[in-house]
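Observations on chain architecture
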Amino acid sequence: MIDEILLEAEENMDRAVEVAKDNFASIRSGQASAAMFANIAVDYYGAPTPLQQLASITVPEARTVVISPYDVSAKKEIESALRNSDLGVNPSDDGKVLRINMPQLTEERRRDYVKLAKTRAEEARVTVRNMRRKAKDQIDAAVKDGEVGEDEGTRGEKDLDALTKKHVDAVDALLAHKESELLEV
């Protein structure tokens, strides 16, 4: 019973860490990456469509991104969505593809991205702690209902605390890596 609760909590915490990793990948750093464009939606025939479904995104050089639309008629919408995104990029149309030269980040912009990363890390920590609270409530209910003994419940809570610490530390490590990536010039 306790093992099932802990297993479910661990799976949910793992997912929260993966979401945090994806969120950090979408924050722009000094290098260009395809993950930066993961959250951009393009108005394609009246429906918001993820950019990855409309175009291939390649990074031939450290500061250059090439976006090749599958449907050339959607190029203007893709260009508009990129300009309106919070990435601060200005794509240039060379006929068949869109090229984006990533400008150097200013010190102020780097600090803004660090703040954003810290906010996303805190959201992930809160999610992990909410998973802990849910699992602890389930353990407490199992002890109260007599399904497991008090000692087993206490042992389960200690294991749950260790799981929570492991996942919070993983989020903190991701944040530290992203901060160092953002602040290196």
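Structural notes, computed from the coordinates. The numbering scheme is per chain: residues are counted from 1 as the chain's sequence reads. Local features in this predicted model are restricted to residues whose pLDDT is 70 or higher, and side-chain atom pairs enter the listing and the counts only when it is 80 or higher, whereas totals over whole chains, interfaces and linings include all residues. As a convention, hydrogens and water are excluded, and side-chain values are obtained from all of the structure's heavy atoms.

This part covers the overall build of the chain. For the purposes of this entry, the term helix denotes a DSSP run of H or I that reaches at least four residues, the term strand denotes a run of E that reaches at least two, and both are numbered from the N terminus. Helix and strand counts for the chain stand at five helices and six strands. Listing every helix and strand of the chain by position from the N terminus yields α-β-β-α-β-β-α-β-β-α-α. Restricting the calculation to C-alpha atoms gives the radius of gyration, and the globule rule supplies 2.2 Å times the number of residues raised to the power 0.38. In terms of C-alpha radius of gyration, the chain reaches 22 Å, well past the compact-globule figure of 16 Å for 185 residues. Seen through its principal axes, the chain has C-alpha atoms that stretch 70 × 40 × 25 Å. Burial here depends on accessible area, computed with a 1.4 Å probe over protein chains only, as a share of the maximum for the residue type. Under 20% is buried, over 50% is exposed, and the range in between is partly exposed. When each of the 185 residues of the chain is scored for burial, the buried share is 37%.

This paragraph deals with the environment of R120. Tracing the backbone shows R120 in helix 4 (residues 107-144). Between the C-alpha atom of R120 and that of L54, which follows or precedes it by 66 residues, the distance is 27 Å. Should any heavy atoms of two residues lie within 4.5 Å, those residues are considered in contact. Among all residues touching R120, those that are not within four sequence positions of it are N23, F24, S26 and I27. Pairing of N or O atoms within 3.5 Å defines a polar contact, subject to two protein rules: one partner must be a possible hydrogen donor and the other a possible acceptor, and residues neighboring in sequence count only if both atoms are side-chain atoms. Looking at R120, its side chain comes within polar contact range of the main-chain oxygen of N23, at 3.2 Å.

This brings us to the environment of E11. Positionally, E11 belongs in helix 1 (residues 2-25). By relative accessible area, which is 42% here, E11 ends up partly exposed.

Another point: the sheet that holds strand 3 (residues 55-61). DSSP calls a pair of strands paired once it identifies at least 2 bridges connecting them. Taken in spatial order, the four strands line up as 3-4-6-5 in an open sheet, and their pairing is antiparallel. Two strands lie at the open edges of the sheet, namely strand 3 and strand 5 (92-93), each paired on one side alone. Bridging between strand 4 (residues 64-69) and strand 6 (residues 98-101) involves four bridges; their strand directions are antiparallel. Each residue of the ladder has a partner; that of T64, found in strand 6, is N101.

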